[in-house]
Amino acid sequence: MPRAHIVLDKQAVIAPVRRRTFGSFVEHLGRCVYTGIYEPEHPSANKDGFRMDVVDLVRELGSTTIRYPGGNFVSGFRWEDSVGPRENRPVRRDLAWHSLESNQVGLDEFAAWCRLTGSELMLAVNVATRGILPALDLLEYANHPSGTALSDLRIANGTPHPHNVRMWCLGNEMDGPWQTGFMTAEDYGKTAARTAAAMKAADKDLELVVCGSSGSGMPTFGDWERTVLEHSYDHVDYISCHAYYQEHDGDLGSFLASALDMDYFIDTVVATADHVGYKKRSAKKIDISFDEWNVWYLKEHQESHEVDDRWRHAPRQLEDVYSVADAVVVGNLLMTLLNRGDRVTSASLAQLVNVIAPIMTEPGGPAWRQTTFHPFSITSRLAAGEVIRPVIDSPTYETARHGQAAVIDVTATVDADRAAVFLVNRDTAQPAHVTVDVRSLGSTRVLETLTLSDPDVYAKNTLTDQTRVVPHTNATTTLTDGVLTIELPPVSWSALALG
Ligand code: AHR
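Residue indices follow the written sequence of each chain, beginning from 1 at its first position. Reporting of local features is limited, given that this is a predicted model, to residues whose pLDDT is at least 70; pairs of side-chain atoms are given and counted only at 80 or more, and all residues count toward the totals for whole chains, interfaces and linings. Only heavy atoms go into the side-chain values, all of them from the structure, while hydrogens and water stay out.

Asker: Please explain the overall build of the protein chain as it appears in this structure.
Answerer: Numbered from the N terminus, helices here are DSSP runs of H or I no shorter than four residues, and strands are runs of E no shorter than two. Regarding its fold elements, the protein chain presents 11 helices and 27 strands. In this setup the radius of gyration rests on C-alpha atoms only. A globule is expected at 2.2 Å times the number of residues raised to 0.38. In terms of C-alpha radius of gyration, the protein chain reaches 22 Å, essentially the compact-globule figure of 23 Å for 499 residues. Over its C-alpha atoms, taken along the principal directions, the protein chain stretches across nearly 65 × 60 × 45 Å. Out of the 499 residues belonging to the protein chain, those deemed buried represent 60%. Here the analysis covers contacts within the protein chain between residues at least 6 apart in sequence; of these, 77% occur between residues at least 24 apart. Method for areas: the Shrake-Rupley scheme with a 1.4 Å probe, in which residue coverage is limited to the protein chains shown. Accessible surface for the protein chain amounts to roughly 18800 Å². Of this, 52% is attributable to carbon and sulfur atoms. Residue burial is assigned from relative accessible area. The probe radius is 1.4 Å, only protein chains are included, and a residue is buried under 20% of its type maximum, exposed over 50%, and partly exposed in between. For this analysis, residues touch if any pair of their heavy atoms sits within 4.5 Å.

Asker: How do you make sense of the domain arrangement of the protein chain when you look at a structure like this?
Answerer: Interface size is commonly expressed as the accessible surface area that is lost when the partners come together. Boundary definitions for the domains trace back to an automatic or database domain assignment. Each assigned domain of the protein chain is listed with its residue range as follows: domain 1 (3–9 + 388–498) and domain 2 (18–382). Taking only C-alpha atoms into account, the centre of domain 1 sits 30 Å from that of domain 2. On the side of domain 2, 37 residues touch domain 1, which itself brings 40 residues to the contact. Taking both sides of the interface into account, the surface hidden between domain 1 and domain 2 amounts to around 3300 Å²; carbon and sulfur atoms contribute 67%. Think of a salt bridge as a Lys or Arg side-chain nitrogen and an Asp or Glu carboxyl oxygen that are within 4 Å of each other. Summed over the shared surface of domain 1 and domain 2, the result is 1 salt bridge. Across the salt bridge formed by Arg 381 and Glu 448, the nearest N and O atoms sit 2.7 Å from each other. Any pair of N or O atoms that falls within 3.5 Å is considered a polar contact. Within protein, one atom must be able to donate a hydrogen and the other to accept it, and sequence-neighbouring residues count only if both atoms are side-chain atoms. At the boundary of domain 1 and domain 2, one finds 15 residue pairs in polar contact (both at pLDDT 80 or more). Put simply, buried area is how much 1.4 Å-probe accessible surface two parts lose in total, over both of them, once they are put together.

Asker: I tried to follow the site of the ligand on my own but got confused; where do I start?
Answerer: Around the ligand sit Phe 25, Glu 27, Gly 71, Asn 72, Trp 97, Asn 172, Glu 173, Tyr 244, Glu 292, Trp 296, Gln 351 and Ile 356, and those are all the residues in its vicinity. Asn 72 is positioned with one of its backbone polar atoms (N or O) 3.0 Å from an oxygen atom of the ligand. Here an oxygen atom of the ligand and a side-chain polar atom of Gln 351 are 3.0 Å apart. Considering the ligand on its own, with 280 Å² of exposed area, one finds that the protein chains cover 95% of that surface. Residue classes in the shell around the ligand are distributed as 5 nonpolar, 4 polar and 3 charged. Working definition: residue near molecule or strand if any one of its non-hydrogen atoms lies within 4 Å of it. Gly is placed with the polar residues, together with every amino acid not listed as nonpolar (Ala, Val, Leu, Ile, Met, Phe, Trp, Tyr, Cys and Pro) or charged (Asp, Glu, Lys and Arg).

As structure tokens, then:
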């Protein structure tokens, strides 16, 4: 049995637990919005047509910031279509997902839904196929209190208070040839700088996210970040990272070590941003908005023909059904984002409902939790205070994709009167025996100990078996004289709350 020993020192602070790490993402894509969050005919719908069964799950998930309305969708979006009387809103073609967009849910409705779920709205503006003025108009409509043409229009449309949106993405994945209106790094860097400068002239306190690469596998990765920031550094606050992982060709060992890739990706983007900052002799640091991350069976999606030539409203798209192994990887990626809270100060799990999502729904039917729901919601609930740097003594294993990986990974947070420890066992066959020295934390009691695992690592929750995979109390946990011991099943994710 692999054995690992971990020492936690509450003085070894990495960063505060950033609540925005628990952000998510709602795109007008497939059934994320329509029959996902919005379905007026559903028995649980409120007066505004929002499914309250989904609202309850979103609250339980504990997502904080919600990025909206895209994604690739934003690059063909005219925000004006989505406000005002619903009967006047046009139906448009969305080229990104080859779908029809009815605009029955728009900015004001989505902002109201965010308030219902207790989350912060984060908006993306279309810089790909529209200019600076529409971005400024959207900003005025969304945030200006009253007394101007567009703020008064918002009020006339039934929303008296401004939405006060703080975080704004300057487009989406602008390096991707699939993006409507994609650009070179030079063109995008200049566009982003001009748009950002104008938006900050309206409100200097906005937090603006410039697009990084669509992924670290892009041929222009690194150069893209450098060039874009050379143009826009002084005007923006964040650069985005996007990363999706999947198991390739039955290589579970590599898949379980995906967090190493995320960590390396973050290192590289931070180094590139700081390189530009040093060259500019700037005192300012650019943080990372990791605003798309998840497990996504992208290869299978690209090879399938889920959407044909017809133009359909809210077709089923990207409805990945997640396994135990997927949930372990998601839990581990979230641990990495917390561990990198010194520079990753905002993140969005992509996406929230139905589309590569922790929450699934059936039209007219139930809503349920995917396996990936659990590590996210438990971490959002338990992580508090500050993230501390653990000292880990763990066996390692060789992976084809990421080199040597530790069998055991850990993240720990400490607050005034409690602590939380999150653990992953990446061994595909054996349980691991782990000891954690928590003497520095002063913890004396285990308040909660939950493990997500299953003898079938590919077990999933489905419409017909919605609770096939749920976390269980880990009865192997003990805490004696400041040393915690726990047995972690193979391919498992665990969380402990200590008091
Ligand atoms: O999240 C799904 C899609 O993935 C987004 O629309 C796009 O930004 C990314 O390629």
